[in-house]
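Chains, contacts and geometry: an overview
Here is what each chain is made of, one letter per residue.
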Amino acid sequence: QTKAYLEKVSKRSRRDYERTMLLVADMVTKKGDRIGDRSVKSITPVSADKIYDRIVAGPRGLRPRQGEKVVGLCARAWSVVRRLYPEVFDRDVPNPWRGVTKNRRTKAIKPAATREQVYTFANAAISAGYPEPGAAAVICFEWLQRPENVLAGYIRWTDYRGREAPTAIRIFHHKTGAIVLHPLEDGDGTLFYADAESVLAKLPRRGVSMILHETRDKTAEGTPRLNKLYSASGMAKLVRRIRDAAGLPSTFTLDACRHGGMTELEEAE
């Protein structure tokens with residue numbers, strides 16, 4: 001309920017944060033009570049170590065990543081709430097979550113789609129009659145947009161070669177709030193993103209947002225609603241179907257497209 005949480009944690013991320021909180025709060029002790037029902041003063045550094053160990057052990061095998069998330073989130077929560085309500089904490093006990101020794105783990109390498117894979121997918125999507133996932137893949141790769149922002153409608157037709165900037169695309173960076181005009185061509189008219197723009201040229205203009213699909217749903221007045229944002233699960237299913245038909249690896253996702261674009265930039269220095 002703190003300002004630190006409500007302003008710093010996006011609504012999209014809150015479900016995962018709260019699921020992590022409940023891993024701790026709903027843990028049952030040997031005495032049969034919930035950790036969440038105990039006084040905050042009862043959580044000592046030794047308690048925090050034991051909670052971490054139980055989280056990592058898990059009911060179905062080791063889960064070190066969950067343990068890391070619990071420690072990071074609880075350490076931040078203790079710091080924020082202690083500042084606001086110091087009287088409910090023990091003055092002589094430091095933040096019990098600071099200094100928890102975490103298990104070593106091998107971090108998975110995030111998949112990165114190549115340029116060839118991205119455009120193979122985009123062309124396959126267009127041929128299958130689904131230009132929207134193809135365009136989404138290209139937008140994630142070329143302009144490093146997060147898939148959730150693309151699906152949420154942040155990339156709009158009014159931002160692409162608009163009246164005020166006919167040779168640029170306006171990119172909104174969701175985390176920083178910055179809006180950047182990214183050039184699409186140089187002064188001589190040479191296109192920087194000819195392949196990407198050829199994909200966007202095949203994308204129907206269903207509304208203000210670029211990535212929309214038709215639906216047979218009707219409004220309250222009974223008129224057809226012709227444009228609708230994709231759900232994350234709906235788009236993921238569509239991407240898998242097109243990816244498999246195109247013979248692309250199972251690691252190909254919209255997130256892998258974004259990571260692939262970042263990898264290409266890094267390798268190009």
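I will try to describe carefully the structure that is included in this document. These numbers come from a predicted model, not from an experiment. (Residues numbered from 1 in each chain as written. Predicted model: local features only at pLDDT ≥ 70, side-chain atom pairs only at ≥ 80, totals over all residues. Heavy atoms only, no water.)

**Considering the overall build of the protein**
Counting its regular elements, the protein contains ten helices and four strands. The order of α-helices and β-strands along the protein, N terminus first, is α-α-α-α-α-α-α-β-β-α-β-β-α-α. Seen along its three principal axes, the alpha-carbon backbone of the protein occupies a region of about 70 × 45 × 40 Å. Sequence separation of 24 or more characterises 54% of the internal contacts of the protein that already satisfy a separation of 6 or more. Summing over all exposed atoms, the protein offers an accessible surface of approximately 16900 Å²; the carbon and sulfur share of this is 51%. Here the protein holds 47 positive side-chain charges and 32 negative ones, and the gap between their average locations is 8 Å. (Helix = DSSP H or I, 4+ residues; strand = E, 2+ residues; numbered from the N terminus. Contact = heavy atoms within 4.5 Å. Areas by Shrake-Rupley, 256 points an atom, 1.4 Å probe, with all protein chains shown as cover. Lys, Arg positive; Asp, Glu negative; His and termini not counted. Charge placed at Lys NZ, Arg CZ, Asp CG, Glu CD.)

**Quick word on the pattern of salt bridges**
Two side chains bearing opposite charge may form a pair once their charged atoms approach each other closely. Counting across every chain of the model gives 16 salt bridges. Of the charged contacts in the structure, one is a salt bridge between arginine 34 and aspartate 26, with a shortest N-O distance of 2.8 Å. By relative accessible area, which is 40% here, aspartate 26 ends up partly exposed. Note that aspartate 159 and arginine 156 form a salt bridge whose closest N and O atoms lie 3.0 Å from each other. (Salt bridge = Lys/Arg side-chain N within 4 Å of Asp/Glu carboxyl O. Buried < 20%, exposed > 50% of the residue type's maximum accessible area, 1.4 Å probe, protein only.)

**As for the packing of helix H5 (residues 115–127) against helix H6 (residues 131–142)**
Between H5 and H6, the shortest axis-to-axis distance is 7 Å and the interhelical angle comes to 160°. In terms of orientation, H5 lies roughly antiparallel with respect to H6. Judged by the sense of rotation from one axis to the other, the crossing of H5 with H6 is left-handed. Contacts between H5 and H6 involve Arg115, Val118, Tyr119, Phe121, Ala122, Ala125 and Ile126 from the former and Pro131, Pro133, Gly134, Ala137, Val138, Phe141 and Glu142 from the latter. Across the contact of H5 with H6, the residue classes tally to eleven nonpolar, one polar and two charged. (Axes fitted to C-alpha atoms, helices over the stretch in contact; angles between N-to-C directions. Parallel < 35°, antiparallel > 145°, perpendicular 65-115°, else oblique. Left-handed = near helix turned anticlockwise from the far one by under 90°. Nonpolar A, V, L, I, M, F, W, Y, C, P; charged D, E, K, R; others polar.)

**Remarks on H6**
Between its terminal C-alpha atoms H6 stretches 16 Å, which fits the 16 Å expected from twelve residues at 1.5 Å a residue. Across the twelve residues that make up H6, a large majority, twelve, are buried. Its buried side turned inward, H6 meets H5, helix H7 (147–151), helix H8 (194–200), strand S3 (212–213), helix H9 (232–245) and helix H10 (254–267). Where H6 terminates, the next one or two residues include leucine 144, which has phi positive at roughly 55°. (Expected span 1.5 Å × (residues − 1).)

**Here's the deal with the environment of glycine 134**
Inspection of the secondary structure assignment puts glycine 134 in helix H6. Residues glycine 134 and glutamine 1 lie 133 residues apart in sequence; the distance between their C-alpha atoms is 40 Å. With residues near it in sequence (within four places) discarded, glycine 134 still touches Phe121, Ala122, Ala125 and Val199.

**Some thoughts on the packing of aromatic side chains**
Going through the model one piece at a time under the given rule, you end up with six aromatic pairs. A centroid spacing of 4.8 Å and a plane angle of 35° characterise the contact between phenylalanine 121 and phenylalanine 252, whose relative ring orientation is tilted. Here phenylalanine 121 is found in helix H5, whereas its partner phenylalanine 252 is found in the loop between H9 and H10, with 131 residues between them in sequence. For the pair phenylalanine 121 and phenylalanine 252, a shared accessibility class is recorded, and that class is buried. (Phe/Tyr/Trp six-rings, centres within 6.5 Å; stacked < 30°, edge-to-face > 60°.)

**As for the packing of H6 against H10**
The description of two helices packed together rests on the angle between their axes and the distance between the axes. Interhelical geometry of H6 versus H10 gives an angle of 35° and a closest axis separation of 7 Å. Where H6 crosses over H10, the two elements pack in a sense that is right-handed. Two secondary-structure elements touch here, H6 through Pro133, Ala136, Ala137, Cys140 and Phe141 and H10 through Leu254, Cys257, Arg258, Gly260, Gly261 and Glu264. By residue class, the composition of the contact of H6 with H10 is seven nonpolar, two polar and two charged.

**A look at the environment of lysine 202**
Here lysine 202 shows up in the loop between H8 and S3. For lysine 202, a relative accessible area of 49% corresponds to the partly exposed category. Considering only alpha carbons, one finds lysine 202 and arginine 63, 139 residues apart in sequence, at a separation of 44 Å. Beyond its immediate chain neighbours, meaning those up to four positions away, lysine 202 contacts Ile126 and Pro131.

**A word on the nonpolar core**
Counting 39 residues, the largest nonpolar core has Val118, Trp143, Met210 and Ile211 as its most contacted members. Of all elements in the fold, only H5, H6, H7, strand S1 (168–172), H8, H9 and H10 reach the threshold of two or more residues within this core. If one sorts the elements of this core by residue count, H6 sits on top with seven residues. With near-sequence residues (within four places) excluded, tryptophan 143 lies in contact with Val138, Ile169, Ile171, His182, Leu184, Tyr193, Ala196 and Leu200. (Core = buried A, V, L, I, M, F, W, Y, C linked by side-chain atoms within 4.5 Å.)

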